[in-house]
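# Fold and contact review
Take a look at the letters that make up each chain.
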Amino acid sequence: MTVDERAARQVAEQARETKWKHPSFGKELFLGHFRLDLIHPHPEGDETTRQTGEAYLEKLRKFCESEIDGAKIEKESLIPDDVLKGLKKLGAFGMKIKQEYGGVGLSQVYYNKALMLVGSACPSLGAMLSAHQSIGVPQPIAMFGTPEQKQEFLPRCAAGEITAFLLTEPDVGSDPARLGTTAVEEGDEYVLNGVKLWTTNGVVADLLVVMAQVPGKGISAFVVEGDSEGITVENRNAFMGLKGIENGVTRFHNVRVPKKNLIGREGQGLKIALSTLNTGRLSLPALCAGSAKWCLRIAREWSNARVQWGLPVGKHEAISGKIAFIAATAFALEAVLDLSSELADAGKHDIRIEAALAKLYASEMAWLVADELVQIRGGRGYETAESQAARGEKGVPAEQVLRDLRINRIFEGSTEIMHLLIAREAVDAHLSVAGDIIDPDKGRGDKAKAFARAGGFYAKWFPTLVVGKGQVPAAYGEFKQLATHLRYVERASRKLARNTFYAMSRWQGKMERKQRFLARIVDIGAELFAMSATCVRAARMDDSARELADFFCAQARVRVDEMFERLWTNTDDTDSKLAKQVLDGRYTWLEEGVLDCSTPGPWIADSAHRATEVENVHRPTPR
């Protein structure tokens, strides 16, 4: 399916939520307005919610400690059936589903704490539970399903029927306009044909959320029974990490789906997917924060035990700097997670930017934390836990954590796509008033009106970026030693907005192609969000938390200053020139002298609509 660049962008744009019905701290931050009142005092759930969550975590912890053997799952690349049965009995597949449908009814905050706990015992299990409840059938049905659909599917999901979300195809990733799977109406049914790739939980799923093109209507979402005639799981995929994950290739050949299984309306599929991810993305930051906390513990214990040159290695500056980074970042990742989750539970904020920032920041920073742990551990960091144990030492799976975390920079929107998604939301206010000026399809009349709107908006907005509370020496004094950091965030927020405006004025319609510039803008915003989250979290905690927040903000400020410098001092243009010449084959001589050990085959597998030619490896789990 061939779709030009403009048409692809239009499909993505149409799937966006275009209105801001609730306030957004993230949106205001990018506009240069540091709305601390939106997150401070730090929101928190009620006592009943807390008691329910804590009681469930205690039961879950006991199960994880006694029944889950993460090393065995890693070695055998398989989650045992008895573990899945135990989790189903415990209600783990219905943690986020309301009690009226048979679920546990955890808040977003405690659901994330539960994922953190399970993920620390076995990352593959954390991924399974996350994919099932955060993007699988429960979330879109809870948000967009009819009362009948909720009564039919949510109790099944809560009881342990595993679900999967199917969007990606062999030749379609973050560009859904080219989606090849079709759903053709025939009477009271749709007939589905197509191939889906990287279907997390797809190998064992009982229920599927499938995105397919309804001819003439657009991409739509369907609940499909996993054992429907014509569905074949053609392969269980294997990866560098998450060895126990049940991820596959799923083919649909003339699969009949009742019309009552359509979620929402025809053509609403992408909007449903994006809305689902607004809170669904918070599951990955939970798993990342949990890994960072584990890395901190291992780094502390090992760096005290290992002695070199007469001192524990942690007391050498080369290592102490790494420990400082791990400790500060672990605190920040949990602060970002807790704040975003509390905002989601409160339901009074639009968190599309906050959730996306949390996913982006957590996946990037947790990877760096794990990499530093491997370096601290030296050769033992590269050695498997099984090998360490075999020669009589504590088996520490640092290399496994590094491998397991790597996918989070790709899952549910790669870092590059997250940069573009957040950047689009960050400049939404500008495009709302001035977008027609740079739109080639708009006529002179529309452009004239846009100039008038833009003039009025910027005449009021730009002066607000000149001075602010961050320049008042005593501002945010209630935060004590953290006040200086919040004043920095306020000033940096205005500076960020000014730089965004300068860039739009300079590049106008070409700015969408300045992806590395936009990425730096977003990364600066992510650091400022993390600084804000750590300060408001620490403000309600003890002195040790305020110390951690202070240390983290000091580190983050250095990173922010460097990124501001690189906004305008970089090699983006020459890098683009070099990349083009590489793609054109100018430097193929550089590739000589080595062998390509890849196996033969096409770069992208065939996804033509046809009957399967291989055995079905779908493996239902015991109820």
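This text follows the structure it describes.
Here is a short report on the structure shown in this document. (Residues numbered from 1 in each chain as written. Predicted model: local features only at pLDDT ≥ 70, side-chain atom pairs only at ≥ 80, totals over all residues. Heavy atoms only, no water.)

## With respect to the overall build of the protein chain
To keep it simple, the criterion reads: Helix and strand definitions follow DSSP, with helices as H or I runs of at least four residues and strands as E runs of at least two, each counted in order from the N terminus. This radius of gyration counts C-alpha atoms alone. The globule rule is 2.2 Å times how many residues there are, raised to the power 0.38. Contacts between residues were defined by any pair of non-hydrogen atoms, one from each residue, lying within 4.5 Å. We get accessible surface area from the Shrake-Rupley algorithm with a probe of 1.4 Å; when it comes to residues, only the shown protein chains can shield them.
Of regular secondary structure, the protein chain possesses 23 helices and ten strands. For 623 residues, the compact-globule estimate of 2.2 N^0.38 gives 25 Å, and the C-alpha radius of gyration of the protein chain, at 25 Å, lies within 12% of that figure. The principal-axis extents of the C-alpha atoms in the protein chain amount to approximately 75 × 70 × 65 Å. Look at the contacts in the protein chain between residues 6 or more apart in sequence, and 76% of them connect residues 24 or more apart. Approximately 28700 Å² of the protein chain is accessible, and the part contributed by carbon and sulfur atoms is 54%.

## Description of the nonpolar core
Just so we agree on the cut-off: Joining through side-chain atoms within 4.5 Å is the link that ties buried Ala, Val, Leu, Ile, Met, Phe, Trp, Tyr and Cys residues into a set, and such a set is a nonpolar core. Accessibility here uses a 1.4 Å probe with only protein chains present; expressed as a share of the type maximum, an area under 20% marks a residue as buried, one over 50% as exposed, and anything in between as partly exposed.
L60, L125, L528 and F552 are the most contacted members of the largest nonpolar core, which has 135 residues in total. Counting residues per element, this core draws most heavily on helix α13 (residues 352-377), at 16 residues. Filtering out sequence-adjacent residues up to four positions away, F552 remains in contact with A328, T329, A332, Y361, E527, A530, M531, T534 and R559. Listed in part, the 25 residues of the second largest apolar core include L167, I219, V223 and I272.

## Focus: the pairing of strand β5 (residues 218-225)
Stated precisely, the cut-off is as follows: Pairing between two strands is assigned when DSSP locates at least 2 bridges connecting them.
By the criterion of burial, β5 is predominantly enclosed, with six of the eight residues buried. Bridging between strand β4 (residues 207-214) and β5 involves eight bridges; their strand directions are antiparallel. What sits directly across from L208, in β5, is V224. Between β4 and the antiparallel strand that follows it, β5, lie three residues; G216 among them carries a positive phi value of about 80 degrees.

## With respect to helix α21 (residues 515-538)
Stated precisely, the cut-off is as follows: Here, expected helix span is obtained from the residue count minus one, scaled by 1.5 Å.
Taking 1.5 Å per residue as the helical rise, α21 with its 24 residues ought to reach 34 Å, and the 34 Å between its terminal C-alpha atoms agrees with that figure. For α21, a buried count of 21 out of 24 residues is recorded, marking the element as mostly surrounded by other parts of the structure.

## A few points about the side chain of T232
Along the chain, T232 turns up in strand β6 (residues 231-236). By relative accessible area, T232 is classed as buried at 9%. Non-local contacts of T232, meaning those with residues more than four positions away in its chain, are made with V249, T250, R251, T612, V614, E615 and N616.

## Re helix α5 (residues 81-90)
Listed as buried for α5 are V83, L84, G86, L87, K88 and L90. Tucked into the core, α5 has its buried residues touching α3 (47-67) and α7 (123-135). G91 occupies a position one or two residues after α5 and carries a positive phi of about 85 degrees.

## Describing the pattern of salt bridges
How we decide: Think of a salt bridge as a Lys or Arg side-chain nitrogen and an Asp or Glu carboxyl oxygen that are within 4 Å of each other.
Using the criterion set out here, one finds 46 salt bridges in the structure. Residue E185 pairs with K217 through a salt bridge whose shortest N-O separation is 3.5 Å. With a gap of 32 residues between them, E185 in strand β2 (residues 182-186) and K217 in the loop between β4 and β5 connect regions that are remote in the sequence. E185 gets classed as partly exposed once you look at its relative accessible area, which sits at 35%. Here K217 falls in the partly exposed class, since its relative accessible area comes to 43%. Salt bridges linked by common partners bring R156, E161, D206, E225 and R623 together as one network.

## Some thoughts on the packing of aromatic side chains
Applied cut-off: Pairing of aromatic rings covers Phe, Tyr and Trp, the last counted by its six-membered ring, and requires centre-to-centre distances within 6.5 Å; plane angles under 30 degrees mean stacked, over 60 mean edge-to-face, and any other angle means tilted. Counting as a charge over the ring demands two things of the Lys NZ or Arg CZ atom: a distance within 6 Å of the ring centre and an angle within 35 degrees of the ring normal.
Enumeration over the complete set of coordinates arrives at 16 aromatic pairs. Pairing Y458 with F501 gives two aromatic rings, centres 5.0 Å apart and planes at 50 degrees, and the pair type is tilted. Taken as a pair, Y458 in helix α19 (residues 444-461) and F501 in helix α20 (residues 483-507) lie far apart in primary sequence, 43 residues in all. Taken together through their ring pairs, the aromatic side chains of F457, Y458, W461, F462, F501 and Y502 make up a single cluster. Here the guanidinium or amino end of R406 rests over the ring plane of W367, the centre of that ring lying 5.4 Å away. Directly above the ring of F564 sits K495, whose terminal nitrogen or CZ lies 4.4 Å from the centroid.

## Some remarks on the pairing of strand β1 (residues 163-166)
The alternating pattern of β1 places T163 and F165 on one face and A164 and L166 on the opposite face, and all of these are buried. Examined bridge by bridge, β1 and β4 share four bridges and lie parallel to one another. By the bridge assignment for β4, A164 is matched with L208.

## Things to note about the environment of S598
For clarity, the cut-off: We call two N or O atoms a polar contact when they sit within 3.5 Å, provided that within protein one can donate a hydrogen and the other can accept it, with sequence-adjacent residues counted only if both atoms are side-chain atoms.
Residue placement: S598 occurs in the segment after α23 (572-583). Relative accessible area serves as the criterion here: at 51%, S598 is assigned to the exposed category. A distance of 2.7 Å separates polar atoms of two side chains, one belonging to S598 and the other to D596.

## A word on the side chain of H618
Along the chain, H618 turns up in the segment after α23. Reaching out from H618, the side chain makes a polar contact with the backbone oxygen of A205 at a distance of 2.8 Å. Excluding its chain neighbours within four sequence positions, the residues that come into contact with H618 are G202, V203, V204, A205, G226 and V233.

## Remarks on the environment of P463
Here P463 shows up in the loop between α19 and α20. Residue classification places P463 among the partly exposed residues on the basis of a relative accessible area of 47%. Taking the C-alpha atoms as reference points, P463 and A12, separated by 451 residues in sequence, lie 33 Å from one another.

## What to know about the state of the cysteines
Worth spelling out the cut-off: Any pair of cysteine sulfurs within 2.5 Å is marked as a disulfide.
With the rule as written, the count across this model stands at zero disulfides. C122 takes part in no disulfide bond, and the closest cysteine sulfur, belonging to C64, lies 9.4 Å away. Accessibility expressed as a relative area gives 2% for C122, which makes it buried. Free of any disulfide, C288 has its nearest neighbouring cysteine sulfur in C295, separated by 11 Å.

## Section: the packing of helix α17 (residues 415-426) against α21
Keep this limit in mind: Note on geometry: axes are lines fitted to C-alpha atoms, helical ones only across the stretch in contact, with angles between N-to-C directions running from 0 to 180 degrees. When an angle is under 35 degrees it counts as roughly parallel; over 145 it counts as roughly antiparallel; between 65 and 115 it counts as roughly perpendicular; any other value is oblique. Classification convention: Asp, Glu, Lys, Arg as charged; Ala, Val, Leu, Ile, Met, Phe, Trp, Tyr, Cys, Pro as nonpolar; all other residues, Gly among them, as polar.
Contact geometry for α17 and α21: axes closest at 9 Å, N-to-C directions at 75 degrees. On the basis of their axis angle, the class for α17 and α21 is roughly perpendicular. Between α17 and α21, the residues in contact are H419, L420, I422 and A423 and Q515, L518, A519, V522 and D523, respectively. A class-by-class count of the residues in the contact of α17 with α21 yields six nonpolar, two polar and one charged.

## Section: unusual backbone geometry
In this chain, H40 is followed by P41 through a cis amide linkage whose omega measures 0 degrees. Tracing the backbone shows P41 in the loop between α2 (25-30) and α3. One non-glycine residue, S77, lies in positive phi territory at about 55 degrees. Among the secondary structure elements, S77 is positioned in the loop between α4 (70-76) and α5. Given the relative accessible area of 25%, S77 is considered partly exposed. With a phi close to 55 degrees, K480 is a non-glycine residue in the positive phi region. Given the relative accessible area of 59%, K480 is considered exposed.

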